[in-house]
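# Coordinates in review
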Amino acid sequence: MDLRLIQNVLAGRSEIAQWQVTERRSRRFERYLTFLKPESEREASSVRWQVWIALPPNPDGTQGEAGFTVTPVHGGPDLRVLLDAAVTSAQSAPNRAWKLPGPGDNGAAAGWRGGVVACNVAGGAATGAQMATATDFLADQQITRDPGQALHGNIALFGDAVHAAPWTRPSALELFASIDDRRLVNHRGLDLSERRTRCYAEFVLLHRGANGEESEYYDRCEAASLGELRLAERVADAADCLRDGAAAGPPPAGRLPVLIGGEYLAGLMGWYAAHADAAQHVRNIAALTLDAPVVEPCGGDRLNLSSDAIVPSLAAYRFDEHGYAACRQDFIQDGVLTALHGAGRWMQVLERQPRGQLATLVAPPGRHGAAELRHGSLEVVRFSEFHPRHDTGAFSGEIRFGWWNAPDGSRIAVKGGSVSGVLREAMTGASFSREVATVGGWHGPEWMRMHAMVAV
Amino acid sequence: MDSLIPALATAVATLERLAPNASAYARRNAGTQVRVDSASVSCQPLPPEAGFTLSAWTGDRFLEISSDDPSPEAVREATHRLADRVRHAHVDWERRIESLDRLERRFEQPMQHDPRSLSAATKIEAARALRAAVLAGPRCREAVGMVGDVHAEVVYVDRTRQMHQRLHRVRQVCLGIFADGAQQAQLHHGREAIGGWERLADPAAVAAEVVRDGPRILGAPRIPDPGEHECVFDGHFAGIFAHEAFGHGTEQDLFLKDRARGAEFLGKPVASPLVDMYDDPSNGWAASYFFDDEGVLASPTRIVEKGVLVAGLNDRHSQAELARRGQQVAKTANGRRESYDHKPYTRMTNTFFGPGDATTQQLIGAVRRGYFLTHPSNGMEDPKGWGIQLEGAMAEEIIDGRLTGKVFSPVVVTGSVPRLLQSVSGVGREVVEASLGMCGKGYKEWVKVTDGGPALRLKAVVA
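### Section: the overall build of chain B
When helices and strands are counted, chain B shows nine helices and 25 strands. Its C-alpha radius of gyration of 24 Å places chain B within 12% of the 23 Å reference for a compact globule of 463 residues. The proportion of buried residues among the 463 residues of chain B is 60%. Across chain B, contacts joining residues at least 24 apart in sequence account for 74% of those joining residues at least 6 apart.

Written out as structure tokens, the structure is:
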């Protein structure tokens, strides 16, 4: 099985009006260590072709759609069987008609040009030259050259960082790297490729406190490159938290300013991105209204959010799932939802120009230094689990580790208890840090201070 | 997959000339997922997961190679590559993992009406019926109906075992989004069951709780007096508690990493004497199988007996390693992989509290002031620190032994696992299965699980 065969079979079916094939070739390298001793080493490889088809539009403005996945196991006859089943399925699945982009369309990536994807965006930010500089940001050359050696080097880095904190024991490390090649072709002649790498680290440190009780610190991170994992820095932070947290007690209760950062801040901001998604607006279930304020400002920083595919992060891309080019889309400006983002199909339904699916979620730096924001706040370093409910934006999280930065300037380690709130209230008067960070698909302020959250 | 067994057996024999233990695992997943909402309809085959892993234990570490090409040629090629890696590794022949009894078996879960023989139109109609049942409820702005079927074929081969199983499961899930002006609330419910299309339930029955409770949580405030309260968990909420408490807390691969405090409490009381807890991949619930991904036959494990922690769950490596350290722990069938190309870990299956003798009404009747918690959504536990967090969509006020009808949403339970378990003062008599679960190891390695239990009365910190 190969891409050309799939393309030929699709092109030969006159009842199919549109098609797209996404080829994904993936190699994964994994290392597992227990107390710095290797426990397991794994390698996995896979190839698959995701096929999407649409039938000609019906008079009522709908079109039948279906998708399926082809693997190396499938032969030519299997492909025909899968395709027949997909056509039958599509006849039973009418959806609002929309069109895949083609070369030269507004917003579409322009095509394969020797490793560079250029794009046409009317008045947009992306140009061929910018994309040329961006080709490297998706892939860590250290990994693509020699993944085994790259992992080995970072395991050594982890070991060194652990040895620099002799009060800890390194219970576990899981370190993965993957190389993913994606190629997208469609019936209109788009032919786009990108290579990206992903790295994942998960580690646990142990520390026995003066009371004889042992506690653990669990951390995990994912990034496009091994350097962005900042493994040594994370281990050092974890070791400090373990040492300082050995005598941690419960946090103060009541309504308190709460400082959060990292993945938790990214998760809260992700709620706004989810409700600015065209798919939610098509279904009339978005909690945000276009051209209306998303937050009632009350002395805090104004909220500004953009999707920017060429700001490096795990969500960055050179072209989106349907071939729209990387670009920047501002959707919340000065606390008002000014635009929608989303997959091309939903933007077309809303009769808006598609500009690519959600990419790196970007916010500008805030006005305050982190030290200033910390003062008088409950600073949560780790929750057990923390994410807002999709419908109401309500959130709760048990505190695994944090600091009570008392108004008198003292700093006391805390654990246990929980923080609860609702996003709309939490963001009223919220302040962002000047310091910025990239976490997963988020690039923006490293910290946010929310006022008057409920701590129990 | 059946036809691959000879090639896998040859691979195992070849690798065992170089390393103390070798095994092979192959899996093929197939099925359909159907989704209907106001803006889209889709009926798609699940992305096929088909491939194999060859594994060699050098006495020092596991070396594994996975391929998505389950053909004899690909097995031969992977054998050569893995053999080459073993030759370059340190091998300790003294540290052999004990073999299981010799067994060659084929198993299949019964299925009367194979969903694979049904048309897309039939499946879409089933999802539409589910959606319609939710839309019939008051203040429902949008509803989603989902129906699916999953079929897995699994092969495990080592020196003494050649096992093959076919597993079949169907799923119904509905989601309602209720709205009143700008206020929204969403609630989902569903079920999974082993078998074929005949196991689908009446759509109205599946949607009933969503239709009843969705409008009730719309605009509901948070609990006004967060803190410790007398609570009653319904069977589903009790289930997620079982899973998080001494499900994760007794996974013995964590014992090897000194990550589970449960290791120090085996044989000791950790809960009220009213509490029994089990993990059972053989009880017929939706996460059941005949053997785990390391060829161990499924059987029940009693984890907590009358409040005493009596057993943990393990995979073969953790059991062997604990035995090597002098801890004799019974082998359990809990070695599971997310897919053919993931590592095996100790994982739960169907985890639940055992029944008591009270009705839910009796449990509520004994609460002077507290909350009845339902519609759990997710949870997280810390096996080392024994902290726990459970989240749910609804808490209903109880005053003087009666539900007042006042509803709060969402709700979160936090606290210490043993403190919660020791506070259990009543256990219901009807065990219910919460069949929709998926479980991650940390935040990855997702496998199918269920949980469940009877209603429980206990003291919990809620907010």
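### So, the sheet that holds strand β24 (residues 450-453) of chain B
Residue and element names in this part refer to chain B. Ordered in space as β12-β11-β10-β15-β24-β21, the six strands form an open sheet in which the pairing is mixed. Each edge of the open sheet carries a strand with a single partner, namely β12 (308-309) and β21 (432-434). For strand β11 (residues 301-305) and β12, the ladder comprises two bridges, and the chain directions are antiparallel. Pairing of E305 across the sheet is with V308, part of β12. The strands that helix α5 (residues 235-247) touches are β10 (277-279), β11, β12, β15 (350-353), β21 and β24; relative to β24, the one it contacts most, it runs at about 115°.

### Topic: the confidence of the model for chain A
Predicted confidence across chain A gives a mean pLDDT of 91, with 94% of residues reaching 70 or more. Ignoring residues within four places in sequence, the model shows residues 112-135 of chain A, a span with pLDDT below 50, making 49 contacts including any to other chains.

### Points about the domain arrangement of chain A
Residue and element names in this part refer to chain A. Under the domain assignment used here, chain A contains domain 1 (141-181 + 194-245) and domain 2 (254-303 + 363-455). Here the side of domain 1 that touches domain 2 takes three residues from helix α7 (residues 231-245), the largest share from any one element. Taken together, the residues of the side of domain 1 that touches domain 2 break down into one nonpolar, one polar and three charged.

### Overview of the sheet that holds strand β12 (residues 328-333) of chain A
The six strands are arranged β13-β12-β11-β14-β21-β20 (chain A) in an open sheet whose pairing can be described as mixed. Sheet topology places β13 (336-337) and β20 (436-439) of chain A at the edges, where each strand pairs with a single neighbour.

### Concerning the domain arrangement of chain B
It is common to give the size of an interface as the accessible area that goes away when the parts come together. All names here are of chain B. Segmenting chain B into domains produces domain 1 (2-33 + 41-107) and domain 2 (227-462). The distance between the C-alpha centroids of domain 1 and domain 2 comes to 32 Å. Tallying the contact residues gives twelve residues for domain 1 and eleven residues for domain 2. When contributions to the side of domain 1 that touches domain 2 are tallied by element, the ones reaching two or more residues are β1 (21-36) and β3 (49-57). It is β3 that contributes the most residues to the side of domain 1 that touches domain 2, four residues altogether. Here the side of domain 1 that touches domain 2 is composed, by residue class, of six nonpolar, three polar and three charged.

### So, the packing of helix α5 (residues 147-163) of chain A against α7(A)
All names here are of chain A. As a packed pair, α5 and α7 sit with axes 9 Å apart at the nearest point and diverge in direction by 25°. Taken together, the axes of α5 and α7 are roughly parallel relative to one another. Considering only the axes of α5 and α7, their crossing is right-handed. Residues N154, L157, F158, A161 and V162 of α5 lie in contact with α7, whose contacting residues are L231, A232, V235 and A236. Looking at the contact of α5 with α7 residue by residue, the class counts come to eight nonpolar, one polar and no charged.

### Regarding helix α3 (residues 120-135) of chain B
An ideal rise of 1.5 Å per residue puts 22 Å on 16 residues; α3(B) measures up with 22 Å between its terminal C-alpha atoms. Inspection of α3(B) places A120(B), K123(B), I124(B), A126(B), A127(B), A129(B), L130(B), R131(B), A133(B) and V134(B) among the buried residues, and these make up the whole buried set. Of the surrounding secondary structure, the elements contacted by the buried residues of α3(B) are α2 (76-91) of chain A together with β1, β2 (41-45), β6 (140-158), β7 (161-180) and α4 (203-217) of chain B.

### So, the packing of helix α1 (residues 5-15) of chain B against helix α2 (residues 72-87) of chain B
Residues and elements named next belong to chain B. One way to put it is that α1 packs onto α2 with a least axis distance of 10 Å and a crossing angle of 15°. The angle between α1 and α2 falls in the class roughly parallel. Crossing hand, α1 versus α2: right-handed. Only P72, V75, R76, T79, L82, A83 and V86 of α2 make contact with α1, whose side of the interface consists of A7, L8, A11, T14 and L15. Of the residues in the contact of α1 with α2, the class split is nine nonpolar, two polar and one charged.

Reading guide: rules and limits
- Residues numbered from 1 in each chain as written.
- Chains lettered and ligands numbered in written order.
- Predicted model: local features only at pLDDT ≥ 70, side-chain atom pairs only at ≥ 80, totals over all residues.
- Helix = DSSP H or I, 4+ residues; strand = E, 2+ residues; numbered from the N terminus.
- Rg over C-alpha atoms; globule rule 2.2 N^0.38 Å.
- Buried ≥ 20, exposed ≤ 12 C-beta atoms within 10 Å, placed from the backbone.
- Contact = placed C-beta atoms within 7 Å.
- Pairing = 2+ DSSP bridges.
- Axes fitted to C-alpha atoms, helices over the stretch in contact; angles between N-to-C directions.
- pLDDT = per-residue confidence, 0-100.
- Domains from an automatic or database assignment.
- Nonpolar A, V, L, I, M, F, W, Y, C, P; charged D, E, K, R; others polar.
- Parallel < 35°, antiparallel > 145°, perpendicular 65-115°, else oblique.
- Left-handed = near helix turned anticlockwise from the far one by under 90°.
- Expected span 1.5 Å × (residues − 1).

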